[in-house]
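Listed below are the residues making up each chain.
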Amino acid sequence: MSGRREELRGRLDAVQARIAAACDAADRDPQELTLVVVTKTYPASDVTLLAELGVTDVGENRHPEAGEKAAEVAAPLRWHFMGGLQTNKAGAVARYADVVHSVDRAKLVASLGRGAAAAERDLEVLLQVDLGPEFGRPSDVRSGAAPTDLASLADAVAQTDRLHLGGVMTVAPLDVDPTPVFERLAALSQRLRADHPGAVTMSAGMSNDLEAAVAVGATHLRVGRAILGERPPLG
Ligand SMILES: *Cc1c(COP(=O)(O)O)cnc(C)c1O
């Protein structure tokens, strides 16, 4: 176990050094950034080790795996849910998630609201935007809302008890320069904040493109492989 701890410590230090260098280059304060360590497919024991190493925020993308880990890990952590979420699982996710990064349709807003109310919990919601079609990729209905849907989705979240609009999130399409994608997200974020001044979160940047995200103003980075190691291919 101590071998794994040292491995995680070394990779976490390396990622933090990358973030510090990117902040330096962009003239930003690293304090403005939250590192969400994406622990999907890795065991709860890794999450506990990360918490001992000072990690405060972890990310998962599948229910029930996420809920099982949240129940097993005693350390106080903020749990971020990202990735496709079926409406009929939203109530369960609202019981343990603190932030949901993947809200992309009105039905999901309603389901999360009901789940959060039933659990008597507050939930931060980020609107996931699918920028693929603007950058030459086919649109994938499950990977985010169209930019034109953001304003109405934001209003729906703002009008739902127990939900708090945190901001926006995107995943840069594979094999595309991430910089213009993240710049577009930053512009959408700015437009959203005109109507919802509290929606300051911009979740962008993963293991391969975190520097590009820091450069354009991301507030939350979602880093998995660079810290945990390569995941086995999905079965
Ligand atoms: C898995 C995942 C990440 C982390 O990606 P890495 O390439 O492992 O850093 C970030 N965001 C989402 C939505 C993910 O599903």
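Scroll up to find the structure.
Figured I'd write up the structure that's included with this text. (Residues numbered from 1 in each chain as written. Predicted model: local features only at pLDDT ≥ 70, side-chain atom pairs only at ≥ 80, totals over all residues. Heavy atoms only, no water.)

Here's the deal with the overall build of the protein
Along its length, the protein carries nine helices and eight strands. Here the C-alpha radius of gyration of the protein, 17 Å, is about what a compact globule of 235 residues would show, namely 18 Å. Across its three principal directions, the C-alpha atoms of the protein cover 50 × 40 × 35 Å. Sorting the 235 residues of the protein into buried and exposed places 49% on the buried side. Looking at the protein alone, contacts between residues at least 24 apart form 58% of all its contacts between residues at least 6 apart. Separation between the mean location of the 25 positive side-chain charges and that of the 32 negative ones in the protein comes to 5 Å. (Helix = DSSP H or I, 4+ residues; strand = E, 2+ residues; numbered from the N terminus. Rg over C-alpha atoms; globule rule 2.2 N^0.38 Å. Buried < 20%, exposed > 50% of the residue type's maximum accessible area, 1.4 Å probe, protein only. Contact = heavy atoms within 4.5 Å. Lys, Arg positive; Asp, Glu negative; His and termini not counted. Charge placed at Lys NZ, Arg CZ, Asp CG, Glu CD.)

A few points about the site of the ligand
Taken together, Val38, Lys40, Met82, Met169, Met206, Ser207, Arg222, Val223, Gly224, Arg225 and Arg231 make up all the residues around the ligand. One of the backbone N or O atoms of glycine 224 is found 2.8 Å from an oxygen atom in the ligand. The separation between an oxygen atom of the ligand and a polar side-chain atom of arginine 231 is 2.8 Å. Calculation on the ligand without its partners gives an accessible area of 380 Å², and the protein chains cover 92% of this total. (Near = heavy atom within 4 Å. Polar contact = N/O pair within 3.5 Å; in protein donor to acceptor, adjacent residues only side chain to side chain. Areas by Shrake-Rupley, 256 points an atom, 1.4 Å probe, with all protein chains shown as cover.)

Some words on the environment of glycine 136
Relative to the helices and strands, glycine 136 resides in the loop between β5 (123-128) and α6 (150-158). Put simply, glycine 136 and phenylalanine 81 are 55 residues apart on the chain and 27 Å apart in space, counted from C-alpha to C-alpha.

Overview of the nonpolar core
Within the largest apolar cluster, 68 residues are counted, with the highest numbers of intra-cluster contacts made by Val100, Leu112, Leu127, Leu221 and Ile227. Sequence-distant contacts of leucine 112, that is, excluding residues within four places in its chain, are made with Leu85, Ala90, Ala94, Val100, Val103, Leu123 and Leu163. (Core = buried A, V, L, I, M, F, W, Y, C linked by side-chain atoms within 4.5 Å.)

What to know about helix α3 (residues 65-72)
For α3, the full list of buried residues reads Ala66, Gly67, Lys69 and Ala70. For α3, the arc enclosing every buried residue in end-on projection is 165 degrees, short of the 170-degree limit, so these residues lie on one face. For α3, the exposed residues lying more than 90 degrees away from the buried face are Glu68, Ala71 and Glu72. Those residues of α3 that are buried lie in contact with α2 (44-52), β2 (57-60) and β3 (78-81). (Arc of directions from axis to C-beta.)

Considerations on the environment of glycine 167
Within the fold, glycine 167 resides in strand β6 (residues 163-169). Glycine 167 sits in the buried class, given a relative accessible area of 0%. Sequence separation of glycine 167 and leucine 127 is 40 residues, and the distance between their C-alpha atoms is 6.3 Å.

Observations concerning unusual backbone geometry
In the segment running from histidine 63 into proline 64, the intervening peptide bond is cis, with an omega of 10 degrees. Here proline 64 is to be found in the loop between β2 and α3. Phi at aspartate 27 takes a positive value of approximately 55 degrees, unusual for a residue other than glycine. Mapped onto the elements, aspartate 27 comes out in the loop between α1 (2-26) and β1 (34-38). Residue classification places aspartate 27 among the exposed residues on the basis of a relative accessible area of 74%.

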